[in-house]
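# Summary of the model geometry
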Amino acid sequence: MFFALTDDQREFGAAVRGYLAGRFDLEAVRGVFEDADGPGHPESLWKAAAEQGWLAVTVPEEHDGLGLGLVEAQVIARELGAGVAPGPWRGTVLAAEAVRLAGSDEQRAAWLPRLASGGAVGAFTTRGRVPGVLPTVEYGGLADVVVAPSGDGLALVTDGAATPRGSYDGTTRIAAVEAGGAEALPGASPAVVAELTARATVLVAADLVGVAREALTRTVAYDRDREQFGVPVGSFQAIKHALADLHVAVTMAEHAALYAAHAVDAGLEGRDLAVAVAKAKASDAALDATAAMIQYHGGIGYTWEHEAHFFYKRAKRLAGQFGTADEHRARIADLTIG
Amino acid sequence: MDLSYTAAEEEFRSELRAWLQANIPDEWVRPGFWEALPDDESFQLRRDWERDKAMAGFAGIQWPTEFGGRGGTPGMKAIYDVEMVRARAPQTVNPLGLAFLAPTVMAIGTDAQRKEIIGPLLRNEVIWCQGFSEPGAGSDLAALATRGVRDGDDFVVNGQKVWTTNAMHGDKVFTMVRTEPDSARHRGISMLLIDMHQPGVEARPLKQMSGASEFGEVFFTDARVPATDVLGEIGDGWRTAMLLLSFERGASGMAQYTEFRRQYDEVVEVATRLGKDRDPVLRAKLARVLTDLECLRLHAWHVLTQVEQGSDLGFEASMTKLMWSETSQDLWEVYDELLGEDATLDRLRLDDLDLDLRPLHAQAMWSRSVTIWGGSSQVQRNVTAERVLGLPR
């Protein structure tokens, strides 16, 4: 029995974390966040993502990738969430996954090395339909290729016309994409579409788990020191009990995201349930932990200058992506009640 | 990631499963069978069965062979716990002795204690009770007032213990006693191993809100215990107790998941028979519980992994207890809501449906206790906040 990350997987995560802490900290995030009209796509971060293999993680080795699985990808996603990092990492990884799972040999050869090396930016959406408008594509304005629903399958959109859409979460950029011409992915059966959506859902859940853990850790650190009534506010049971409950919830969400990634990688029978559990638990944990981050910082937590709103806003955005907690619970009910 | 057990562990599972299949009569697994038996009869039946199981080699799974154990792996212990639940095997009659006392004796007992205590415990020749809680010392164990005064080679013990599992069946009780007069809090306490079959010890059943009597009270009136029958050092009982309670970390989340998942399916079955299984609000509530149950299963794997890797789980056990007890309670709250106006009735009668609800009610009632015993949820939150998160006391 080994339900944990291996040393290699742990080190991969530590490297992402270390890079963000040293080279792209919350001040850098703030720069992107406040530059609302900018691309939201810092070059230095993208270069690191390419050089350190964050983009190549699930791309097969024959196409210049690392050939690793969703377990490793969720390690990266979790750290990017913890660092509230901006940039089109997830969309690029998922576009590559779509091509890997459903692309022709030519499409693989054309796209996978480019996506793995950061030479192309990818995006993935389940909303809208080709041809037509894809209403909310993350980094749709800068994506070289958008993977989107088309008929029963998926298409690669390479000449979409993007219109930026405002969002209060400054750690991403969202655009509506008018998809004109598109190229079908020949292997995109309903089963493959479901698999890709499951992979996307797990990566979003992992990002939320990272957001939740970091929000909780920062709140605990603050409440250890912040004094009111002559004592640290973290010594009050009203706060302790809330933070203890959050620790349980976040820990469970961590387990759930890890297991869901493994279940999808290994094609386990219970993988649909595992993915729904992960997204439901991670969404709730992140919403609760980031709301608590504001509350248990007191007034400072409600200011623009404090970082709490980066975490809160990112949680709000991702909690609904690829299904809200309620929607996943409905799925869980279908799977366990019938 | 490797969620499988070794070949040796799977072989152990097959052997155990075969033994359980051959040795649990069909009628024992019928709902309500055990509840219908008189308490003494039920206890004796279970006591004998458990002894036979030990003789067949299915006890002390992880204990070293020198103590009569099987010398098995943590994985085998997890498998054992799950298979027992799966087979609806009778519950152990010696839970405190097996889970807590035995490993403590192995760790710090004298050679004589190891010899005298462990073998008879494994064969159910001696039923052990735990004497910790008192009327004035529940969550605050260090407030205990039962006192022992040295008289020659003995301690003379006076006081009262409460919430004593198997009080009416116990042969001996490992008891936290204040053996230094005027000592305060954690100091001056000893863990005495007291014979319950003596005039100075009286056990009384404690009728719980469910009507059952799993617990009792034990009164000590000039009870005598040889001063050599102390576990650990005299006056160092707090340390002994902390070591003893640390073995709770071995408590198997996997078995709990198996049991709770079965309960979940029972509740779903009731909902279905009532025609409420399509109700979206109820479905959402059930799904919320199921989500936490699944997390409980994953957490059990996490704990087993840590044990196999030799990591110290430390105070994480508080989080585990908090999680499973609250989740169990959540499930039974959904059950109560689902029954609506009929929530308290013994039987549900609707058209062609006649369902005896009492076994389910008993489980629902029991769920009110699990967030109290073994450290209340409030205590577990304090421990998690202070010892895991590092918030100030």
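Please read all numbers here as calculations on a predicted model, not as lab measurements. The written sequence of each chain sets the order in which its residues are numbered from 1. For this description, chains carry letters from A and ligands carry numbers from 1, given in the order in which they are written. Since the coordinates come from a predicted model, pLDDT governs what is reported: local features require at least 70, and pairs of side-chain atoms require 80 or more to be given and counted, while whole-chain, interface and lining totals use all residues. Excluding hydrogens and water, the side-chain values take into account all heavy atoms of the structure.

Another aspect to go through is a nonpolar patch on the surface. A surface patch of nonpolar side chains, amounting to about 310 Å² of accessible area, comprises F229, V231 and F236 of chain A. Locating V231 of chain A in the fold gives a position in strand 9 (residues 231–232). Patch members must show over 30% relative accessible area and no salt bridge, and they are joined within 9 Å when carrying like charges or within 5 Å when they are nonpolar side chains of Val, Leu, Ile, Met, Phe, Trp or Tyr. Reported accessibility uses the Shrake-Rupley method at a 1.4 Å probe radius. Residues are deemed covered only where the shown protein chains occlude them. Basic side-chain nitrogens of Lys or Arg form a salt bridge, by our definition, when they fall within 4 Å of a carboxyl oxygen of Asp or Glu. A run of H or I in DSSP becomes a helix once it reaches four residues, and a run of E becomes a strand once it reaches two; helices and strands are each numbered from the N terminus.

All names here are of chain A. Examined at the domain level, chain A breaks down into domain 1 (7–188) and domain 2 (191–336). What fixes the domain bounds is an automatic or database domain assignment. Put simply, the middle of domain 1 and the middle of domain 2, counted by C-alpha atoms, are 22 Å apart. Note on contacts: a residue pair qualifies if any of its non-hydrogen atoms lie within 4.5 Å across the two residues. On the side of domain 2, 38 residues touch domain 1, which itself brings 42 residues to the contact. Accessible area that two parts lose when put together, with a 1.4 Å probe and added across both, is what the buried area reports. Of all residues in domain 1, the largest losses of buried area upon contact with domain 2 belong to L70, R78 and R90, amounting jointly to 20% of the total for that side. Across the domain 1-domain 2 interface, the total number found is five salt bridges. A salt bridge links R90 to D207, with the nearest nitrogen and oxygen atoms 3.4 Å apart. Listed by contribution, the elements that provide at least two residues to the side of domain 1 that touches domain 2 are helix 2 (26–34), helix 4 (70–82), helix 5 (89–102) and strand 4 (153–157).

So, on to helix 2 of chain A. Residues and elements named next belong to chain A. Only protein chains enter the calculation, and the probe is 1.4 Å; a residue is then buried if its accessible area is under 20% of its type maximum, exposed if over 50%, and partly exposed in between. Taken together, the buried positions of helix 2 are L26, V29, R30, V32 and F33. For helix 2, the arc enclosing every buried residue in end-on projection is 165°, short of the 170-degree limit, so these residues lie on one face. For helix 2, the capping residue at the N-terminal end is D25, with a side-chain oxygen 3.1 Å from the backbone nitrogen of E27. Arc definition: directions from the helix axis to the C-beta atoms. What qualifies as a polar contact is a pair of N or O atoms within 3.5 Å, subject to a donor-acceptor requirement within protein and to the restriction that residues adjacent in sequence count only when both atoms come from side chains.

In total, this model carries 53 salt bridges over all chains according to the counting rule given. A salt bridge links E195 of chain A to R199 of chain A; its shortest N-O distance comes to 2.8 Å. Linking E195 of chain A with R199 of chain A, this pair stays in helix 7 (residues 190–225), spanning four residues, or about one helical turn. With a relative accessible area of 16%, E195 of chain A lands in the buried category. Between R347 of chain B and D356 of chain B there is a salt bridge whose closest N-O contact spans 4.0 Å. Judged by relative accessible area, D356 of chain B falls into the partly exposed class, the value being 29%. One network of salt bridges, with partners in common, ties together E97, R100, E195, R199, D265, R271, D272 and R331 of chain A.

Let's shift gears to the pairing of strand 4 (residues 172–178) of chain B. Residues and elements named next belong to chain B. Where burial is concerned, most of strand 4 is hidden: six out of the seven residues are buried. Relative to strand 4, strand 1 (residues 128–131) runs parallel, the two sharing four bridges. Paired with C129 across the bridge in strand 4 is V173. As judged from the seven bridges shared by strand 4 and strand 5 (residues 189–195), these two strands associate in the antiparallel manner. In the sheet register, V177 faces strand 5, and the bridge partner there is S190. At least two bridges found by DSSP between two strands is the condition for calling them paired.

Moving on to the side chain of R46 of chain B. Residues and elements named next belong to chain B. With respect to the element layout, R46 can be found in helix 3 (residues 39–55). Lys and Arg are tallied as positive, Asp and Glu as negative. Neither His nor the chain termini are counted. Notably, R46 is buried but unbridged: the nearest opposite-charge side chain belongs to D39, and the N-O separation is 5.7 Å. Other than its neighbours up to four places away in sequence, R46 contacts W34, P90, Q91, T92 and V93.

Chain A puts 36 residues into the contact, and the matching count from chain B is 44 residues. Counting the contacts that link chain A with chain B gives five salt bridges. The partner of D292 of chain B in a salt bridge is K281 of chain A, and the shortest N-O contact between them spans 2.5 Å. Along the contact surface separating chain A from chain B lie 17 residue pairs in polar contact (both at pLDDT 80 or more). Listing elements by their share of the side of chain A that touches chain B, those giving two or more residues are helix 7, helix 8 (237–266), helix 9 (271–295) and helix 11 (325–336) of chain A. With 15 residues, the single largest contributor to the side of chain A that touches chain B is helix 8 of chain A. Of the residues contributing to the side of chain A that touches chain B, the split by class is 18 nonpolar, ten polar and eight charged. Residues were grouped as follows: Ala, Val, Leu, Ile, Met, Phe, Trp, Tyr, Cys and Pro as nonpolar; Asp, Glu, Lys and Arg as charged; and all remaining residues, including Gly, as polar.

Turning our eyes to something else, we now look at unusual backbone geometry. Residues V130 of chain A and P131 of chain A are joined by a peptide bond in cis, for which omega reads -5°. Inspection of the secondary structure puts P131 of chain A in the loop between strand 1 (122–124) and strand 2 (132–138). Phi at N124 of chain B is positive, roughly 60°, even though this residue is not glycine. Take N124 of chain B: it is sitting in the loop between helix 6 (111–122) and strand 1. Take N124 of chain B: its relative accessible area is 3%, and that puts it in the buried class.

For the rest of this paragraph, the subject is the packing of aromatic side chains. A pair of aromatic rings is counted whenever rings of Phe, Tyr or Trp (Trp by its six-membered ring) have centres within 6.5 Å, and the orientation is called stacked for planes under 30 degrees apart, edge-to-face for over 60 and tilted otherwise. Applying the stated criterion across every chain, the model contains 21 aromatic pairs over all chains. An angle of 20° between the planes, with centres 5.9 Å apart, marks the rings of F124 of chain A and F322 of chain A as stacked. Taken as a pair, F124 of chain A in strand 1 and F322 of chain A in the loop between helix 10 (308–319) and helix 11 lie far apart in primary sequence, 198 residues in all. Between W19 of chain B and F58 of chain B, the ring centres sit 6.0 Å apart and the planes meet at 45°, which makes this aromatic pair tilted. Of the two residues, W19 of chain B sits in helix 1 (residues 7–23) while F58 of chain B sits in the loop between helix 3 and helix 4 (74–86), which places them 39 residues apart along the sequence. Owing to a relative accessible area of 5%, F58 of chain B belongs among the buried residues under this scheme. Here the aromatic cluster, defined as three or more aromatic residues joined through ring pairs, consists of F12, W19, W28, F33, W34, W49 and F58 of chain B. Its guanidinium or amino end placed over the ring of F219 of chain B, R204 of chain B lies 4.0 Å from that ring's centre, counting from NZ or CZ. Above the ring of W373 of chain B, the side-chain terminus of K321 of chain B is found at 5.4 Å from the ring centroid. Counting as a charge over the ring demands two things of the Lys NZ or Arg CZ atom: a distance within 6 Å of the ring centre and an angle within 35 degrees of the ring normal.

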